[in-house]
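# Breakdown of the fold
Now for the letters of each chain:
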Amino acid sequence: MSASTDHYENFPVASLLLPRRLRRPVKAVYAFARTADDIADEGDATDAERLEQLGSLKAELDRIGNGQAPQTELVQRLQREAIVPFRLPLQPFYDLLDAFCQDVRQTRYQNFGELVDYARRSANPVGRIMLHLYGENDARSLAQSDGICTALQLINFWQDVALDWQKGRVYLPQDDMARFGVTEADIAAGRNTFNFQRLMAYQCERAFKMLRAGAPLAKTLKGRIGIELKMIVLGGQFIVQKLDKTHYDVFRQRPVLDWKDRMIMLKRALWK
């Protein structure tokens, strides 16, 4: 997962836009995902220690699947407040853990397809869990959710190229880097070359199209949750626009959403 500790900034944790009945389960799901992400990404643990800790979380899910009580407060809370009352499937949680284990083992991606496969397990499960909580489980909604989540994961990669390099990771596809004439030495030196800008513009355009393709889901989901999703989609679009305005110079300025952006997003979400 991206090096950013704000990876789940698009996760609507206890947002006032969420129906009150969903705030506790969303917090429980977030706590599980955030904890597992931190195990894979933060601190000074060795790779073996990280994988062992993630394996312990997987064992907790196994206990739930086998009708046994989980042993940790984190997963007990997840079971009590989200999995049992909303009959959530366990597979999305397994997928998240699988992606976090991949974070430990893999630091380069040969092509875009490998990145999309990673996002299928690192980001899409969150959207699918949220849809289960909302009671929207039809195939079209799930596909649109996958498109939004994959796009947000990719956009997070593109805004964090410099930060991920510091952790020894490169999410830009290796074949595209070669095609556009960008080397890892360019990233290491923080060179915002014309070739790098072309590469980033190409990647951002792909992510933007995926985000736009999934956006109709925000109209399907009625009420406050629809507004929440509109803001999430707008947030991704705003980051892409900020990247473009700075000519993709992520080495000197990581684009972030400020309070003015969020006010504009809320106004647009309510108006549309």
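Residues numbered from 1 in each chain as written. Predicted model: local features only at pLDDT ≥ 70, side-chain atom pairs only at ≥ 80, totals over all residues. Heavy atoms only, no water.

Where an unreviewed UniProt entry is consulted, the chain appears under the name Squalene synthase HpnC, with the organism given as Kingella pumchi.

To characterise two packed helices, one gives the angle between the axes of the helices and the distance between these axes. Where helix α7 (residues 139-159) meets helix α11 (residues 194-214), the closest approach of the two axes is 7 Å, and the angle between their N-to-C directions is 155°. Comparing the axis directions of α7 and α11 gives the class roughly antiparallel. Pair α7 / α11 crosses with left-handed handedness. Where α7 approaches α11, its residues Gln144, Gly147, Ile148, Thr150, Ala151, Leu152, Leu154, Ile155 and Trp158 are matched on the opposing element by Met200, Gln203, Cys204, Ala207, Met210, Leu211, Ala213 and Gly214. Its residues assigned to classes, the contact of α7 with α11 shows twelve nonpolar, five polar and no charged. (Axes fitted to C-alpha atoms, helices over the stretch in contact; angles between N-to-C directions. Helix = DSSP H or I, 4+ residues; strand = E, 2+ residues; numbered from the N terminus. Parallel < 35°, antiparallel > 145°, perpendicular 65-115°, else oblique. Left-handed = near helix turned anticlockwise from the far one by under 90°. Contact = heavy atoms within 4.5 Å. Nonpolar A, V, L, I, M, F, W, Y, C, P; charged D, E, K, R; others polar.)

Okay, the packing of helix α2 (residues 47-65) against helix α4 (residues 91-105) next. Contact geometry for α2 and α4: axes closest at 10 Å, N-to-C directions at 170°. Overall, the two elements α2 and α4 adopt an arrangement that is roughly antiparallel. In this structure, α2 uses Asp47, Arg50, Leu51, Leu54, Leu57, Lys58, Leu61 and Asp62 to contact α4, whose residues at the interface are Phe93, Tyr94, Leu97, Phe100, Cys101, Val104 and Arg105. Its residues assigned to classes, the contact of α2 with α4 comprises ten nonpolar, no polar and five charged.

Quick look at the nonpolar core now. Of all hydrophobic cores here, the largest spans 81 residues; its most connected members are Phe32, Leu54, Phe93, Tyr134, Trp158 and Leu172. Counting residues per element, this core draws most heavily on helix α13 (residues 224-245), which supplies eleven residues. Contacts of Trp158, omitting those with residues within four sequence positions, involve Leu115, Tyr171, Leu172, Pro173, Met200, Gln203, Cys204, Ala207, Leu243 and Val250. (Core = buried A, V, L, I, M, F, W, Y, C linked by side-chain atoms within 4.5 Å. Buried < 20%, exposed > 50% of the residue type's maximum accessible area, 1.4 Å probe, protein only.)

On to the packing of aromatic side chains, then. Using the criterion set out here, one finds nine aromatic pairs in the structure. Note on Phe196 and Phe251: the rings are 5.0 Å apart at their centroids and 40° apart in plane angle, and the pair reads as tilted. Taken together, the residues span a long stretch of sequence, with Phe196 in helix α11 and Phe251 in the loop between α13 and α14 (259-271) at a distance of 55 residues. Phe251 carries the same exposure label as Phe196, and that label is buried. An aromatic cluster is present here, built from Tyr109, Tyr118, Phe157, Trp158 and Tyr171 joined pairwise through their rings. For the cation-ring pair, Arg179 lies above Tyr202, with the distance from its terminal atom to the ring centre recorded as 5.0 Å. Its end group placed over the ring of Phe112, Arg206 keeps NZ or CZ at 3.7 Å from the ring centre. (Phe/Tyr/Trp six-rings, centres within 6.5 Å; stacked < 30°, edge-to-face > 60°. Lys NZ or Arg CZ within 6 Å of the ring centre and 35° of its normal.)

A word on the pattern of salt bridges. Under the criterion given, the structure shown has 21 salt bridges. A salt bridge links Arg120 to Asp117; its shortest N-O distance comes to 3.1 Å. Of this pair, Arg120 and Asp117 both sit in helix α5 (residues 112-122), separated by three residues, roughly a single helical turn. The class for Arg120 is partly exposed, based on a relative accessible area of 41%. With relative accessibility at 33%, the residue Asp117 sits in the partly exposed group. Measuring nitrogen to oxygen at the nearest pair gives 3.0 Å for the salt bridge that ties Asp261 to Lys242. With Asp261 in helix α14 and Lys242 in helix α13, this residue pair connects regions lying 19 residues apart in the sequence. The class for Asp261 is buried, based on a relative accessible area of 10%. (Salt bridge = Lys/Arg side-chain N within 4 Å of Asp/Glu carboxyl O.)

Turning our eyes to something else, we now look at helix α6 (residues 124-134). Most of α6 sits inside the fold, with nine of its eleven residues counted as buried. The set of residues buried in α6 consists of Asn124, Pro125, Val126, Gly127, Ile129, Met130, Leu131, Leu133 and Tyr134. Positive backbone phi, approximately 85°, marks Gly135, located one or two places after α6.

The next subject is the environment of Arg108. As for its position among the elements, Arg108 is in the loop between α4 and α5. Taking the relative accessible area as the measure of exposure, Arg108 reaches 28% and is therefore partly exposed. Taking the C-alpha atoms as reference points, Arg108 and Arg169, separated by 61 residues in sequence, lie 6.4 Å from one another. Sequence-distant contacts of Arg108, defined by excluding residues within four places in its chain, comprise Glu114, Trp165, Gly168, Arg169, Val170, Gln174 and Glu184. Here the side chain of Arg108 touches Thr107 through a polar contact of 3.3 Å, side chain to side chain. (Polar contact = N/O pair within 3.5 Å; in protein donor to acceptor, adjacent residues only side chain to side chain.)

Here the focus is the environment of Ala215. Examined against the element boundaries, Ala215 turns out to sit in the loop between α11 and α12 (217-220). Expressed as a C-alpha distance, the spacing of Ala215 and Pro173, which sit 42 residues apart in the sequence, is 25 Å. Not counting chain neighbours up to four residues away, the residues in contact with Ala215 comprise Ile148 and Val233.

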